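# Summary of the model geometry
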Protein chains: 2
Amino acid sequence: MFCVRTCSGLMGLRAAPRVRSLHSFPGITIDEEVAKLLALKAQIGGDNVKHQFVLKTAKGTRDYNPKQMAIRERVFSTIIGCFKRHGAETIDTPVFELKETLTGKYGEDSKLIYDLKDQGGELLSLRYDLTVPFARYLAMNKITNIKRYHIAKVYRRDNPAMTRGRYREFYQCDFDIAGQYDAMIPDAECLKIVHDILSELDLGDFRIKVNDRRILDGMFAVCGVPDDKFRTICSTVDKLDKMPWEDVRKEMVTEKGLSEEAADQIGEYVSLQGGMELAERLLQDQKMCRSKQACAGLSDIKLLFSYLQLFQVTDKVVFDLSLARGLDYYTGIIYEGVLTQAGVAPGSTEAQNGTPAEESVSVGSVAGGGRYDGLVGMFDPKGRKVPCVGVSIGIERIFSILEQKAEAEVMYKKNPKLLSQLQHCEESGIPLVAILGEQELKDGVVKLRVVASREEVDVSRAALVDEIRRRTSQA
Amino acid sequence: MFCVRTCSGLMGLRAAPRVRSLHSFPGITIDEEVAKLLALKAQIGGDNVKHQFVLKTAKGTRDYNPKQMAIRERVFSTIIGCFKRHGAETIDTPVFELKETLTGKYGEDSKLIYDLKDQGGELLSLRYDLTVPFARYLAMNKITNIKRYHIAKVYRRDNPAMTRGRYREFYQCDFDIAGQYDAMIPDAECLKIVHDILSELDLGDFRIKVNDRRILDGMFAVCGVPDDKFRTICSTVDKLDKMPWEDVRKEMVTEKGLSEEAADQIGEYVSLQGGMELAERLLQDQKMCRSKQACAGLSDIKLLFSYLQLFQVTDKVVFDLSLARGLDYYTGIIYEGVLTQAGVAPGSTEAQNGTPAEESVSVGSVAGGGRYDGLVGMFDPKGRKVPCVGVSIGIERIFSILEQKAEAEVMYKKNPKLLSQLQHCEESGIPLVAILGEQELKDGVVKLRVVASREEVDVSRAALVDEIRRRTSQA
């Protein structure tokens, strides 16, 4: 049963399951066993244990090792390349701002802001995004016209989910256009940028959801939501990508005191998805028409789609009335780029228009943004406005995906022994080995070896991909 | 009196004085007048002033505009190029660490650490340098051998002096070598890197001061400093680059309770500067010889200089017994790169050996580092040591210099009117204009115009540079 390494040798499959196993199966990895034993030893007061403290990074943060840095720098260079092609210059701002600079900009999310301790002097907070510091920068320097990009870390005391790339310290890659231009042209450019970057990074299929704050507000008005509840209802609608409609409805009615009738009317609208034709249809909608601002928003969505057609990016863009980004400062168009599960046939996203597609599961937002025409004015002593629109690429999830991709490795040896290859798999936690020897070649099969149990099974080549997927996606 | 623009037109001279004028002469710049008036208006409750808050960045921090970012990226690329030539990979760590990770690493400087507010959860602090996070990273990942660089911002609640490039948020560019090697080879490589980078950045003349923590400790011992006062006396000696010896002596005696005799003996040693021959001389010194660790330090300095000779960098390196970097974690060689005033003739630094040179005024430290063999062990549960040596380039002062250099500008117009050029100077705060017209060409002079007073004076070409220097360095 010896194996000839006719192909590139051995491919270790170390994708998602490895990451999961480190977090969901305590007791399985050697690292965790060692950590447990060390902790026990520390408890009973081991010999010579001089320094008793936890050796870790702060909750929700991570280090980058050199391999991860290489991936990060490649992603940055792709993103910066795109930003520069679109004519942006770059700026930098401090990691903390005066606390009052951030006050009143983030709605209910403000509770997630990291404050610095009062050590005498100014009250400071870590930046929550790069948009508010950008607006502060524009107002402070009286700049009314700039295309700028800014790549830097931001800080949110959110519940981290690091296997899915949700951190408390994470990078944002922001591109913003400040200045007075013809309607929807800068907005369309931002969407084009999201499209270009997500395509170039080759992360699998994606969709860009688009909506407009004015459509949301108008919809709330015509559905009978009281004015003072717009923002809080809006942030409940924002949870639709994480919770089913029933739970969102429940939160609206029981927690936020909205009438059942209003909630149901909202429910009808937020199930709508489409393209330019949906905007046209809603412009004819009797109820929606009663809101002037909803009409203004719908006309802009229509105009936006006409530019997106010119940019040839409409296949990925969906007008989605459930999109409701929580931040207080948005005033017009809002959008979000989401990766959809790999394996969705190209083109099938178009079939989703109109109905939520079963086969396309969102694996998380990787880009977002919108128009914020009032934010700079909040910093100007005379309230002078500078219209702005921008987009933020969140790359931690992108890193997670690319890191997992990078984990398939090749042994740097001309003729490595099978045993040493298997040993390498055991040591580095690769769960499955595909073996292609003389016998397997003859039989038209591939031998799959489960590294942990050493169990081996022959699989037909046609069934190989499915079999690997099945085995690596097991809980 | 019309002027022909025969040369490149108009050169605005906007070097140091502009920066200074913004800070030291309130009332002179228009910006400040406007700010004053706005503040007054706000006090009396101006009309329509909606948002009453200070539009600024936090104390000791700054924004970078696109022009400044271009300079910054050029500096980074020079530094990273050098780090990579020397075989380093890069890592990144979070901006904050568990508070206890930083505890006990910085001696008296610990009071300058920014703490985060306790918002429930872990107690966190902003990183004070990149060295302690690096040591934590090594211990956490059980790495015993790496050459790594890390470029990131660090945070110190120090008294800012922003015109001289001293900020509370500033970049460090760190290069460190961890691992067991033959004595003084990695240490010499770090000095070579400082030498390469400061030469390549073309910042004018510089010196690299070298000392050894063991020589300092041994010196303190043989001078009669009690063991428990080593660290505090060391941090007083560290002030010798900012205060004259008399003040340092006073602090030792009156504040820190050192005997006058001990202080005077220290005074004799810390006035010594030299090269390998000074190390050899001190190895023969009757008093110094009584300390084994001083001898070990002196032997290593001697060995270090032999490697530096091979690297051909001894012309810039000075063994200086007054160098005493304050951080607690250094265990061996320490060093600091300082820029010396421009205008010092090349080579004259060598003449300084032995006596403090009058003509070479330090304009501030731009690099520093040393050996810290115990730091990683402080994080390891078993106290396992990983010997480390590293260097940190502090680039804010370098930015200040390069930014001022970049402030000489050219008007982008083929044939700009003199009047519009003068207007541009008035608007942008350029203090002096050099005018070279037909008459001036004939007379062999240049007309200097003081923009603020509109006073004009003819200066011979030979005297021009001195005259400009005199006028721009006034107060």
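Residues numbered from 1 in each chain as written. Chains lettered and ligands numbered in written order. Predicted model: local features only at pLDDT ≥ 70, side-chain atom pairs only at ≥ 80, totals over all residues. Heavy atoms only, no water.

Heads up, the rule is: UniProt positions are given in the numbering used here, feature names are shortened, and annotations may be inferred rather than shown by experiment.
As named in an unreviewed UniProt entry, chain A is histidine--tRNA ligase, taken from Gasterosteus aculeatus aculeatus. The Catalytic activity (unreviewed entry) comment attached to chain A in UniProt states, word for word, "tRNA(His) + L-histidine + ATP = L-histidyl-tRNA(His) + AMP + diphosphate + H(+)". The heading Sequence similarities (unreviewed entry) in the UniProt record of chain A holds the text "Belongs to the class-II aminoacyl-tRNA synthetase family."

## Observations concerning the overall build of chain A
Applicable threshold: Strands here are runs of E lasting at least two residues and helices are runs of H or I lasting at least four, both read from the DSSP assignment and numbered beginning at the N terminus. Exposure categories follow from relative accessible area, calculated using a 1.4 Å probe and restricted to protein chains: below 20% of the type maximum is buried, above 50% is exposed, and the middle band is partly exposed. A contact between two residues is defined here by any heavy atoms of the two lying within 4.5 Å. Using a 1.4 Å probe, accessible areas were evaluated by the Shrake-Rupley method; residue-level cover was limited to the displayed protein chains.
From N to C terminus, chain A includes 18 helices and 15 strands. In chain A, which comprises 475 residues, the proportion classed as buried is 52%. Within chain A, contacts between residues separated by at least 24 positions form 69% of all contacts whose residues are at least 6 apart in sequence. Total accessible area computed for chain A in this model is approximately 22100 Å², and 53% of it derives from carbon and sulfur atoms.

## Focus on the relation of the copies chain A and chain B
Note the cut-off: When the copies are superposed, the least-squares fit draws on C-alpha atoms of residues that have pLDDT of at least 70 in both.
After a rotation of 179° and a shift along the axis of 0.2 Å, chain A superposes on chain B with an RMSD of 0.4 Å. What we have between these two chains is a two-fold relation.

## Regarding the pairing of strand 7 (residues 206-212) of chain B
All names here are of chain B. Inclusion rule: In this scheme, strands are said to pair when DSSP sees at least two bridges between them.
Burial runs high along strand 7: seven of the seven residues are buried. One ladder, built from seven bridges, connects strand 7 with strand 10 (residues 333-340); its direction is antiparallel. Following the sheet pairing, F206 is matched in strand 10 by L339. As judged from the three bridges shared by strand 7 and strand 9 (residues 317-320), these two strands associate in the parallel manner. Paired with K209 across the two strands is V318, which belongs to strand 9.

## Observations concerning the interface of chain A and chain B
The condition that has to hold: When two components associate, each loses some accessible surface as probed by a 1.4 Å sphere; the sum of these losses over both components is called the buried area. For salt bridges, the criterion is a side-chain nitrogen of Lys or Arg within 4 Å of an Asp or Glu carboxyl oxygen. As used in this structure description, the phrase polar contact means that two N or O atoms lie within 3.5 Å; if the pair is within protein, one of them must be able to donate a hydrogen and the other to accept it, and residues adjacent in sequence are counted only when both atoms belong to side chains. Lys, Arg, Asp and Glu make up the charged group, whereas Ala, Val, Leu, Ile, Met, Phe, Trp, Tyr, Cys and Pro make up the nonpolar group; the residues left over, Gly among them, are polar.
Counting residues at the interface gives 59 residues for chain A and 59 residues for chain B. Here chain A packs against chain B, burying approximately 5200 Å² in sum over the two surfaces, 57% of which is carbon and sulfur. Between the two partners, chain A and chain B, sit 10 salt bridges. Linking chain A with chain B are 24 residue pairs in polar contact (both at pLDDT 80 or more). For the side of chain A that touches chain B, the elements supplying multiple residues, two or more each, are helix 3 (66-85), strand 2 (89-90), strand 3 (96-98), strand 4 (124-126), helix 5 (131-140), strand 5 (146-155), strand 6 (169-178) and helix 14 (375-379) of chain A. Split by residue class, the side of chain A that touches chain B holds 28 nonpolar, 11 polar and 20 charged.

## A look at the packing of helix 9 (residues 245-255) of chain B against helix 10 (residues 260-270) of chain B
Residue and element names in this part refer to chain B. What counts here: Under this scheme, a helix contributes an axis fitted over its contacting stretch, all axes are lines through C-alpha atoms, and angles between N-to-C directions fall in the 0 to 180 degree range. Crossing chirality is assigned from the near helix's rotation relative to the far helix, an anticlockwise turn below a right angle marking it left-handed and a clockwise turn marking it right-handed.
In the contact formed by helix 9 and helix 10, the axes pass within 10 Å of each other and the chain directions differ by 145°. In this structure, the crossing between helix 9 and helix 10 has a hand that is right-handed. Mapping the contact onto sequence places W245, R249, M252 and V253 in helix 9 and E260, A263, D264, I266, G267 and V270 in helix 10. A breakdown of the residues in the contact of helix 9 with helix 10 according to their chemical character gives six nonpolar, one polar and three charged.

## A closer look at the confidence of the model for chain A
All names here are of chain A. Quick reminder of the rule: Confidence scores per residue from the predictor, reported as pLDDT, run from 0 to 100.
Model confidence for chain A is summarised by a mean pLDDT of 84, while 82% of its residues fall at 70 or above. This stretch, residues 1-28, has a pLDDT under 50; its non-local contacts, to residues over four places away or in other chains, come to 61 contacts. Within the model, the stretch residues 343-362 combines pLDDT values under 50 with 28 contacts to residues more than four positions away or in other chains.

## What to know about the UniProt feature "binding site: L-histidine" (unreviewed entry) in chain A
Residue and element names in this part refer to chain A. Per the UniProt entry, the sites bearing "binding site: L-histidine" (unreviewed entry) are D129, L130, T131, R156, Q172, D176, R325, Y329 and Y330 in this numbering. Along the chain, L130 falls in the loop between strand 4 and helix 5. Looking at L130, the relative accessible area reads 0%, which means it is buried. Aside from chain neighbours lying at most four places away, what touches L130 is R148, H150, A152, V154, Q172 and D174. Turning to its location among the elements, Y330 is positioned in the loop between strand 9 (317-320) and strand 10 (333-340). Each residue touching Y330, except ones within four places of it in the same chain, is listed here: R213, R231, R325, G369, G370, R371 and Y372.

## Some remarks on helix 3 of chain A
All names here are of chain A. Going by this rule: Multiplying one less than the number of residues by 1.5 Å gives the expected span of a helix.
Taking 1.5 Å of rise per residue, the 20 residues of helix 3 would be expected to cover 28 Å, and the 28 Å separating its terminal C-alpha atoms lies within 8% of that figure. Those residues of helix 3 not exposed but buried are P66, Q68, M69, I71, R72, V75, F76, T78, I79, C82 and F83. The backbone nitrogen of K67 lies 3.0 Å from a side-chain oxygen of the residue at the head of helix 3, namely N65. Just past helix 3, the residue G87 takes up positive phi, approximately 85°.

## Here we look at the pattern of salt bridges
Under the definition given, this model contains 68 salt bridges over all chains. When the shortest N-O distance is used, the salt bridge between R325 of chain A and E336 of chain A registers 2.7 Å. With R325 of chain A in the loop between strand 9 and strand 10 and E336 of chain A in strand 10, the pair connects residues that are 11 residues apart, well separated along the chain. Taken individually, R325 of chain A and E336 of chain A each receive the classification buried, so the pair is uniform in this respect. Three or more residues joined by partner-sharing salt bridges are found here, namely R72, K153 and E169 of chain A together with D92 of chain B.

## Let's talk about the environment of L203 of chain B
Residues and elements named next belong to chain B. Residue placement: L203 occurs in the loop between helix 6 (185-200) and strand 7. Residue class for L203 comes out buried when judged on its relative accessible area of 10%. Each C-alpha atom of the pair L203 and K405 lies 9.9 Å from the other, and the pair is 202 residues apart in sequence. Once you skip the residues sitting within four places of it in the chain, L203 turns out to touch L198, L339, I398, I401 and L402.

## Considerations on the nonpolar core
Test applied: The nonpolar core is taken to be a set of buried Ala, Val, Leu, Ile, Met, Phe, Trp, Tyr and Cys residues, with the residues joined through side-chain atoms within 4.5 Å.
Residues M219, F220, I266, F319, L321, I395 and I398 of chain A are the most contacted members of the largest nonpolar core, which totals 105 residues. Examining the composition of this core, we find that eight residues originate from one element, helix 6 (residues 185-201) of chain A, more than from any other. When sequence neighbours within four positions are dropped, the list of residues in contact with I266 of chain A reads M219, F220, C223, V225, I233, V237, W245, M252 and L258 of chain A. Core analysis: the next-biggest nonpolar cluster, separate from the first, contains 103 residues, C82, Y149, F230 and A294 of chain B among them.

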